[in-house]
There are 2 protein chains.
Amino acid sequence: MREAGGDVRAHRRADTRAAIVRAGTALLTERSFADVGIEDVLAQSGVARGSFYHFFPSKEAFGEAVIDNYAAYFDRKLQRLLGDPSVSPLARLEAYVDETSRGVEKFDCMRGCLIGALSQELGAHSAVFRSRLEAVFANWQRHVADCLRDAVAARELSRSLDADGAAEFFWYGWEGALMRMKLERSAEPMRRFGRHFIDSLPRPSRVRGAVRESSRS
Amino acid sequence: MREAGGDVRAHRRADTRAAIVRAGTALLTERSFADVGIEDVLAQSGVARGSFYHFFPSKEAFGEAVIDNYAAYFDRKLQRLLGDPSVSPLARLEAYVDETSRGVEKFDCMRGCLIGALSQELGAHSAVFRSRLEAVFANWQRHVADCLRDAVAARELSRSLDADGAAEFFWYGWEGALMRMKLERSAEPMRRFGRHFIDSLPRPSRVRGAVRESSRS
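Residues numbered from 1 in each chain as written. Chains lettered and ligands numbered in written order. Predicted model: local features only at pLDDT ≥ 70, side-chain atom pairs only at ≥ 80, totals over all residues. Heavy atoms only, no water.

### Observations regarding the domain arrangement of chain A
Residues and elements named next belong to chain A. Segmenting chain A into domains produces domain 1 (1-57) and domain 2 (59-215). Inter-centroid distance (C-alpha atoms) of domain 1 to domain 2 is 29 Å. Facing the 18 residues of domain 1 at the interface are 18 residues of domain 2. Across the interface of domain 1 and domain 2, roughly 1,600 Å² is buried in total on both sides, 70% from carbon and sulfur atoms. Among the residues of domain 1 in contact with domain 2, L28, T29 and F33 are the three that bury the most area, contributing 42% of the side total. Linking domain 1 with domain 2 are one salt bridge, by the criterion used here. At the boundary of domain 1 with domain 2, the tally comes to five residue pairs in polar contact (both at pLDDT 80 or more). Counting only elements with at least two residues in the side of domain 1 that touches domain 2, the list comes to helix 1 (2-30) and helix 2 (38-45). The biggest single contributor to the side of domain 1 that touches domain 2 is helix 1, with nine residues. (Domains from an automatic or database assignment. Contact = heavy atoms within 4.5 Å. Buried area = accessible area lost by both parts, 1.4 Å probe. Salt bridge = Lys/Arg side-chain N within 4 Å of Asp/Glu carboxyl O. Polar contact = N/O pair within 3.5 Å; in protein donor to acceptor, adjacent residues only side chain to side chain. Helix = DSSP H or I, 4+ residues; strand = E, 2+ residues; numbered from the N terminus.)

### A short note on the packing of aromatic side chains
For the coordinates displayed, the defined rule picks out 44 aromatic pairs over all chains. When the centroid spacing of 5.2 Å and the interplanar angle of 90° are considered together, the rings of F170(A) and W171(A) count as edge-to-face. For F170(A), a relative accessible area of 0% puts it in the buried group. When the ring of F33(B) is compared with that of F129(B), the centres are 5.5 Å apart and the planes differ by 75°; the resulting orientation is edge-to-face. Here F33(B), found in the loop between helix 1 (2-30) and helix 2 (38-45), pairs with F129(B), found in helix 7 (residues 127-153); they are 96 residues apart in sequence, far enough to count as distant. Of the two residues, F33(B) and F129(B), both sit in the buried class. (Phe/Tyr/Trp six-rings, centres within 6.5 Å; stacked < 30°, edge-to-face > 60°. Buried < 20%, exposed > 50% of the residue type's maximum accessible area, 1.4 Å probe, protein only.)

### Remarks on empty space enclosed by the protein
Under the counting rule described, the total for this entry stands at three cavities of 30 Å³ or more. Empty space within the largest cavity amounts to approximately 130 Å³. Forming the boundary of the largest cavity are 16 residues, of which A117(A), Q120(A), E121(A), A117(B) and E121(B) lie nearest the centre. At the level of elements, helix 1 and helix 6 (114-122) of chain A together with helix 6 (114-122) of chain B are the ones that each hand at least two residues to the lining of the largest cavity. Across the lining of the largest cavity, the residue classes tally to three nonpolar, five polar and eight charged. (1 Å grid on protein atoms, 1.4 Å probe; cavity = no way out; pocket = protein on both sides within 12 Å on 5 of 7 lines; lining within 4 Å. Points joined across faces, edges and corners; volume = space filled by probe spheres on them. Nonpolar A, V, L, I, M, F, W, Y, C, P; charged D, E, K, R; others polar.)

### Overview of the interface of chain A and chain B
With 44 residues of chain A at the contact, the number on the chain B side is 43 residues. Around 3,900 Å² of area is buried between chain A and chain B when both sides are counted, 63% of it from carbon and sulfur atoms. Of all residues in chain A, the largest losses of buried area upon contact with chain B belong to Q120(A), Y172(A) and L183(A), amounting jointly to 21% of the total for that side. In this assembly, chain A and chain B are joined by two salt bridges. Measuring nitrogen to oxygen at the nearest pair gives 2.6 Å for the salt bridge that ties E168(B) to R192(A).

### Some remarks on the packing of helix 8 (residues 163-184) of chain A against helix 7 of chain B
Packing of helix 8 of chain A against helix 7 of chain B leaves a shortest axis separation of 9 Å and a crossing angle of 130°. Looking at the two axes, helix 8 of chain A sits oblique to helix 7 of chain B. Listed contacts from helix 7 of chain B to M179(A), R180(A), K182(A), L183(A) and E184(A) of helix 8 of chain A are R130(B), L133(B), E134(B), F137(B) and Q141(B). Its residues assigned to classes, the contact of helix 8 of chain A with helix 7 of chain B shows four nonpolar, one polar and five charged. (Axes fitted to C-alpha atoms, helices over the stretch in contact; angles between N-to-C directions. Parallel < 35°, antiparallel > 145°, perpendicular 65-115°, else oblique.)

### A word on the environment of Q141(A)
The residue Q141(A) is located in helix 7 (residues 127-153) in this model. For Q141(A), a relative accessible area of 15% puts it in the buried group. C-alpha of Q141(A) to C-alpha of A19(A): the two residues are 122 residues apart in sequence and 29 Å apart in space. Not counting chain neighbours up to four residues away, the residues in contact with Q141(A) comprise A167(A), E168(A), W171(A) and R180(B).

### A short note on the nonpolar core
I115(A), W140(A), L148(A), F197(A), I115(B), W140(B) and F197(B) are the most contacted members of the largest nonpolar core, which totals 134 residues. Among all residues touching W140(A), those that are not within four sequence positions of it are Y70(A), F74(A), L78(A), C113(A), I115(A), W171(A) and E175(A). (Core = buried A, V, L, I, M, F, W, Y, C linked by side-chain atoms within 4.5 Å.)

### Focus on the relation of the copies chain A and chain B
Two chain copies here: they are related by a rotation about an axis and a translation along the same axis. Overlaying chain A on chain B yields an RMSD of 0.0 Å, the required transformation being a rotation through 180° with an accompanying axial translation of 0.0 Å. Put plainly, the chains are arranged around a two-fold axis. Closest to the rotation axis within chain A is the C-alpha of G173(A), separated from it by 1.9 Å. Of the residues that chain A buries at the interface, 98% are likewise interface residues in chain B, meaning the two copies contact each other through the same surface. (Least-squares fit on C-alpha atoms with pLDDT ≥ 70 in both.)

Right, dumping it as structure tokens:
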């Protein structure tokens, strides 16, 4: 009985913390860190002030938890879509662009990328946030680079491809496109960027393969 | 005498307004709109509160003036660098990347793009800011597209190039690279993006020109 009661309490505690983090994610993908107050988080999550401070001693600690939760969610999403062996590597990348574009449309193109927004707002100032945000981007780039290497192995892309460089380039453009999505209140910038990026990757040429590969080395 | 006195007063008024806008530009390229208070602007510019409200009835009106000033500055800069007929079109684009990268280094990579930062923060919310910010990006894209068309005319790039599409792609990636510049406190993301973008543009092929041009249509 005591153990079961402990489980229930632990479960409730986890629920409360998750509700705070969920509310924070919704608020911080729409508005700036400076603009979102603890009051807003309490109102959105229905959690009492005391509970908030029980889990998060400061707004910064809360921000870090929201980053970690968002990063874990996207790590799973990238793994699921870009690591799916039943789909060709380039089609996986298309699926990521497509699913994310439809995802932002569910929120009327009001919510952008939390990591991009916090980088823009706090990147230059907060050393703690900065190292966390850099690590998230490094992980996201690794997922895309691995998918691009799979595309080379599957002969969808040329051996000449610099997969790490292209993955870095993808995230610069993708974050820029997400910013424009909010500005234009349309996912079209994301779709246009995704199409342009995928089209711009070097294809292997069967006819003049040897010449083209060596000319790029 | 009266006219001269009027000139002096008008000059002082213009100076005061310019000082407020200059301070606002410095503050808003480093920190968010929500985080920068009128007090910060007064402290940075040395202007009295009454003078501020004389020129700007609200913080939004002040924000619009800062956007307009920044947009006019970059319009001149883009015109000077990308429209310079004494330099080859692709070298102009390289010069823009290089000058802007050195520019952010002067401020220890703390100050990013005002237009990108405000788009990220307020794009989804403020209708007034949104239309202004969209117009700025449209103008910047036009400058780059014109430069790319010059590069096609000068046979630096292939006739197959979609100059408008590539210019749009440039600004997505450039804004993403500027965001990462603040995060990494280094202009290297901007330089790497610039190099990658320019390298990825389709060159005319003298040997197989006709084949390559038609294969992309």
